[in-house]
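For reference, the chains in residue letters:
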Amino acid sequence: MDELPSGACQAAATLDDAITRSKSGSNEYHRPSLSNDIIPDSPDVQKFVLELPEVARIPTKKRTFHLDHEDLETHVRPLLSCHWHVGRIGNVVDDLQVFSLNKLFSFKNFRSAVEFFDALAAIQDEEEHHARVTVDYAHVYVSTHTHVAYQRISDADSDAKPIKVPGLTARDIRFAVKVEKLHEGFLDDGRAVTKVPVDAASLQVWSMGQLRRRYPTSHG
Ligand SMILES: C[C@H](O)[C@H](O)[C@H]1CNC2=NC(N)=NC(=O)C2=N1
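Residues numbered from 1 in each chain as written. Predicted model: local features only at pLDDT ≥ 70, side-chain atom pairs only at ≥ 80, totals over all residues. Heavy atoms only, no water.

Labelled according to an unreviewed UniProt entry, the protein appears under the name 4a-hydroxytetrahydrobiopterin dehydratase, originating from Boletus reticuloceps. Quoted straight from UniProt, the Catalytic activity (unreviewed entry) entry for the protein says "(4aS,6R)-4a-hydroxy-L-erythro-5,6,7,8-tetrahydrobiopterin = (6R)-L-erythro-6,7-dihydrobiopterin + H2O". (UniProt positions renumbered as here; feature names shortened; annotations may be inferred.)

Novice: Talk me through the packing of helix H3 (residues 110–127) against helix H4 (residues 170–188); I want residue IDs and the actual numbers.
Specialist: Two numbers describe how H3 lies on H4: the axes approach to 11 Å, and their chain directions differ by 150°. In this view, H3 runs roughly antiparallel relative to H4, as classed from their interaxial angle. Handedness of the H3/H4 crossing: right-handed. Together, Ser-112, Glu-115, Phe-116, Ala-119, Leu-120, Ile-123, Gln-124, Glu-126 and Glu-127 of H3 and Arg-174, Phe-175, Lys-178, Val-179, Leu-182, His-183 and Phe-186 of H4 make up the contact between the two elements. For the contact of H3 with H4, the residue count by class is eight nonpolar, three polar and five charged. (Axes fitted to C-alpha atoms, helices over the stretch in contact; angles between N-to-C directions. Helix = DSSP H or I, 4+ residues; strand = E, 2+ residues; numbered from the N terminus. Parallel < 35°, antiparallel > 145°, perpendicular 65-115°, else oblique. Left-handed = near helix turned anticlockwise from the far one by under 90°. Contact = heavy atoms within 4.5 Å. Nonpolar A, V, L, I, M, F, W, Y, C, P; charged D, E, K, R; others polar.)

Novice: Would you mind going over the pairing of strand S4 (residues 139–144) in detail, with residue names and values included?
Specialist: Summarising the sheet, strand S2 (residues 96–107) and S4 pair through six bridges and their orientation is antiparallel. By the bridge assignment for S4, Leu-101 is matched with Thr-144. The loop that links strand S3 (residues 132–136) with its antiparallel partner S4 comprises two residues; one of these, Tyr-137, has a positive phi angle of about 50°. (Pairing = 2+ DSSP bridges.)

Novice: Which residues make up the nonpolar core, and what are the values?
Specialist: With 36 residues, the main nonpolar core has Trp-84 and Phe-116 as its most contacted residues. Among the secondary structure elements, those contributing two or more residues to this core are helix H2 (69–81), S2, H3, S4, H4 and helix H5 (200–214). At eight residues, the largest contribution of residues to this core is made by H4. Setting aside residues up to four positions removed in sequence, Trp-84 forms contacts with Leu-79, Leu-101, Asn-102, Lys-103, Phe-105, Val-142, Ala-176, Val-179 and Glu-180. (Core = buried A, V, L, I, M, F, W, Y, C linked by side-chain atoms within 4.5 Å. Buried < 20%, exposed > 50% of the residue type's maximum accessible area, 1.4 Å probe, protein only.)

Here it is in structure tokens:
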């Protein structure tokens, strides 16, 4: 798909803006309630929507490594600012946590949600990357992780064999950016609506915290 709508995620300029937009629409609005361990003014709460990263396509046959610590800021944080969040996949491999990147997209009606699903299926074909997708009336929940991925090895242990374990890779980032831009197109023509998740700020902080723990160094 070459004609992606250009520009960064335009769903909302700030969290407050998102709240206002959400309130002015017909969709219900939940004020994010911060849990006790999160400081409302924490620098980790990204209130502005960041420009989405451009990620080159990884050839299908190429070994895909997990994101590294630096990728969390450059690649993951902009998606968190658009209300993507981290989820846990049930099967932990060798005590290594398996994460996914998820977002709930909302639409005007069921027909628009199905049209989004169809366009999403085309992206999955193009990218040869397949997400878990759930259509629930006017909502589409997307969850992506890379099934065949390798844990990075530290420089100090360069003789070690990379561990094969599902996880988050540049394939997921590239895929999520494409899906986000697809949704922007649906917002622009009125087929989609913006919804701020319950506990949006907490989700951002929690997601970043989980990934920082999982990928503590450049070669975590
Ligand atoms: C060869 C082919 O690209 C691979 O089997 C693809 C198919 N789709 C995939 N999708 C996802 N999410 N992860 C993968 O590792 C994956 N592998």
